[in-house]
Amino acid sequence: MQRRSGAKESVLDQAHELERFLAGVERRAFRFARIALRNDDDALDAVQDAMLRLARHYAGRPVEQWPPLFHRILQNRIRDVQRRHQVRNRFFAWLPAVGDDDERADPRASAAAEIPDAVDQLMAGEAMALLEQHLAQLPPRQQQAFMLRNFEGLDVAQTASAMGCSEGSVKTHYSRAVHTLRGKLGDAW
Amino acid sequence: MVNDGNDPTGFERRSKAVFEASVDGLSGDIRSRLARARHRAVAEVRSTRAPMARRFWMPAAGLGAAALAAILFALPMSHRERALPAPVASAEDMAMLLNSEDLDMIENMDFYSWMDSEAAMEVSGDVRS
């Protein structure tokens, strides 16, 4: 009986810890996904899926392992959605008439080169809109390294774990990202 | 010097501050949807109590079933003897019900009733003639 109530308390503690962790990370995670996917619904789906997968498969892991695990899951989800969009865009490229209509309707089709919409500028301000615009033009690995290291505050080892690469690669990607962004934003900032 | 875990540069500090401002500026709708997603994820962890409960109750249910079977086998012989006639009678009933000839008769009931009426007509004809 005592062991049973102990197990129950352990589950409740775990749930409480998970709630606290997710509450602390969810908004930044949404912004990461939003910058990468350029669409609110896709970003919300990616974050929700990452939350569920962390809860289902990794909630039993030590709490300090959660940040890199969560971000690795999230990055994988973001990559899946991006691939789906690429496949869809390639498919519509075979159908010129439909593809043209679709590209006009879907802002993600020309996401990298596009200037963020007015809602974004109102929400995040002109500086963030500019930063987001140039972040979207970075290669995906540089974008991930910059957001995880600078925005999320993960250290090099955690970022390497989240990205599934070596610490040396993280340093290289991050360094290139900072140089590129500083070069492009230098005059505006 | 690009930050490798030491002092962030001015650019890094500024971009981080701008990003945090954009996070603070998220709409109520997005915040609410994120909170709902979080609650669903936490509910997944809480629901792990159900398998634990199953693990606890299933062996208890198995033990109960085994105990009931043992009691039935250990009943005194006199109780079983008193109970025997009924099964025998019911076995006879089943044999009657499962007799294929009887079943054929049920299936050909129309034929037999037609034969009956024909026989009755013949009898009445004989009487008339």
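### So, the overall build of chain B
- Within chain B, the secondary structure is distributed over 7 helices and 0 strands.
- Looking at chain B residue by residue over its 129 residues, the buried ones come to 9%.

### Things to note about the overall build of chain A
- Across its full length, chain A holds 8 helices and 0 strands.
- Its helices and strands taken in sequence order, chain A reads α-α-α-α-α-α-α-α from the N to the C terminus.
- Looking at chain A as a whole, 37% of its 189 residues are labelled buried.
- Sequence-distant contacts in chain A: of pairs separated by 6 or more residues, those separated by 24 or more amount to 57%.

### With respect to the confidence of the model for chain B
Residues and elements named next belong to chain B.
- Per-residue confidence for chain B gives a mean pLDDT of 68; residues scoring 70 or more make up 40%.
- When the elements of chain B are averaged for pLDDT, helix α6 (residues 100-107) gives the smallest value, 50, and helix α2 (residues 28-46) the largest, 95.
- A low-confidence stretch, residues 50-54 stays under pLDDT 50, and its non-local contacts, those more than four residues away or across chains, total 1 contact.
- Predicted complex metrics record ipTM = 0.76 and pTM = 0.62.

### Some thoughts on the nonpolar core
Residues and elements named next belong to chain A.
- In this structure, A33, A46, V47, A50 and L74 are the most contacted members of the largest nonpolar core, which totals 51 residues.
- Broken down by element, the residue count for this core peaks at 11 residues, all from helix α1 (residues 2-37).
- Residue contacts for L74: discarding those within four places in its chain leaves A29, F32, A33, A46, V47 and A50.

### Some thoughts on the interface of chain B and chain A
- Across the contact, 30 residues belong to chain B and 41 residues belong to chain A.
- Those elements that provide at least two residues to the side of chain B that touches chain A are α1 (10-24), α2 and α3 (49-73) of chain B.
- Ranked by residues supplied to the side of chain B that touches chain A, first place goes to α2(B) with 11 residues.
- Residues belonging to the side of chain B that touches chain A are distributed by class as follows: 15 nonpolar, 5 polar and 10 charged.

### Comments concerning helix α2 (residues 40-58) of chain A
- Under the 1.5 Å per step criterion, the end-to-end length of α2(A) is 26 Å for 19 residues, consistent within 8% with the ideal 27 Å.
- For α2(A), the complete set of buried residues consists of A:D42, A:A43, A:L44, A:A46, A:V47, A:Q48, A:A50, A:M51, A:L54 and A:A55.

### Quick word on the packing of helix α6 (residues 140-151) of chain A against helix α7 (residues 156-163) of chain A
All names here are of chain A.
- As a packed pair, α6 and α7 sit with axes 10 Å apart at the nearest point and diverge in direction by 135 degrees. Accordingly, the angle class assigned to the pair α6 and α7 is oblique. As for how α6 packs across α7, the hand of that crossing is right-handed. Packed against α6, whose contacting residues are R141, Q144, A145, L148 and R149, the element α7 presents T159, A162 and M163 at the interface.
- Here the contact of α6 with α7 is built from residues that sort into 4 nonpolar, 2 polar and 2 charged.

### Comments concerning the environment of B:L34
- Its location among the elements puts B:L34 in helix α2.
- Once residues within four sequence positions are removed from consideration, B:L34 is found in contact with A:E26, A:R27, A:F30 and A:V47.

### Quick notes on α2(B)
Residue and element names in this part refer to chain B.
- Compared with an ideal rise of 1.5 Å per residue, which puts 19 residues at 27 Å, α2 spans 27 Å between its outermost C-alpha atoms and is within 8% of the ideal.
- Those residues of α2 lying buried are L34, A37, R38, A41, V42 and V45. Buried residues of α2, viewed axially, fall in a sector of 135 degrees; they line one side. Of the residues in α2, the exposed ones pointing more than 90 degrees away from the buried face are G28, D29, S32, R36, H39 and A43.

### Some points on the packing of α7(A) against helix α8 (residues 167-185) of chain A
Residues and elements named next belong to chain A.
- Two elements in contact, α7 and α8, have axes separated by 8 Å at closest approach and are oriented at 95 degrees. Taken together, the axes of α7 and α8 lie roughly perpendicular to each other. Of α8, the residues touching α7 (which contributes V156, A157, T159, A160 and M163) are E167, V170 and K171.
- Considering only residue class, the contact of α7 with α8 consists of 5 nonpolar, 1 polar and 2 charged.

### Quick notes on the environment of A:L148
- If you trace the backbone, A:L148 turns up in helix α6.
- Taking the C-alpha atoms as reference, A:L148 lies 9.2 Å from A:P68; in sequence the two are 80 residues apart.

Each value, and the rule that gives it
- Note that residues are indexed from 1 along each chain, following the sequence as it is written.
- Labels follow written order: the first chain is A, the first ligand is 1, and so on.
- In keeping with the model being predicted, local features are shown solely for residues with a pLDDT of at least 70 and side-chain atom pairs are shown and tallied solely at 80 or more, while totals for entire chains, interfaces and linings include all residues.
- Elements are defined by DSSP. Helices are runs of H or I of four residues or more, strands are runs of E of two residues or more, and each kind is numbered from the N terminus.
- Around each residue's C-beta, the other C-beta atoms within 10 Å are counted; 20 or more make the residue buried, 12 or fewer make it exposed, and counts in between make it partly exposed. All C-beta atoms are placed from the backbone.
- Here the contact rule is simple: place C-beta atoms from the backbone, and any two residues whose C-beta atoms are within 7 Å are in contact.
- pLDDT is defined as a per-residue confidence score from the predictor, taking values between 0 and 100.
- We define a nonpolar core as a collection of buried residues of the types Ala, Val, Leu, Ile, Met, Phe, Trp, Tyr and Cys that are connected via C-beta atoms lying within 7 Å of each other.
- When residues are grouped by polarity, Ala, Val, Leu, Ile, Met, Phe, Trp, Tyr, Cys and Pro land in nonpolar, Asp, Glu, Lys and Arg in charged, and all others, Gly among them, in polar.
- In a helix, the anticipated span is given by 1.5 Å times the number of residues less one.
- In this description, a line fitted to the C-alpha atoms serves as the axis of each element, helices being fitted only across the stretch in contact, and the angle between N-to-C directions of two axes falls anywhere from 0 to 180 degrees.
- Roughly parallel covers angles under 35 degrees, roughly antiparallel covers those over 145, roughly perpendicular covers 65 to 115, and oblique covers all other angles.
- By the definition used in this description, the sense in which the near helix is turned from the far one sets the handedness, with an anticlockwise turn below a right angle giving left-handed and a clockwise turn giving right-handed.
- Each C-beta atom gives one direction from the helix axis, and the arc is the one those directions make.

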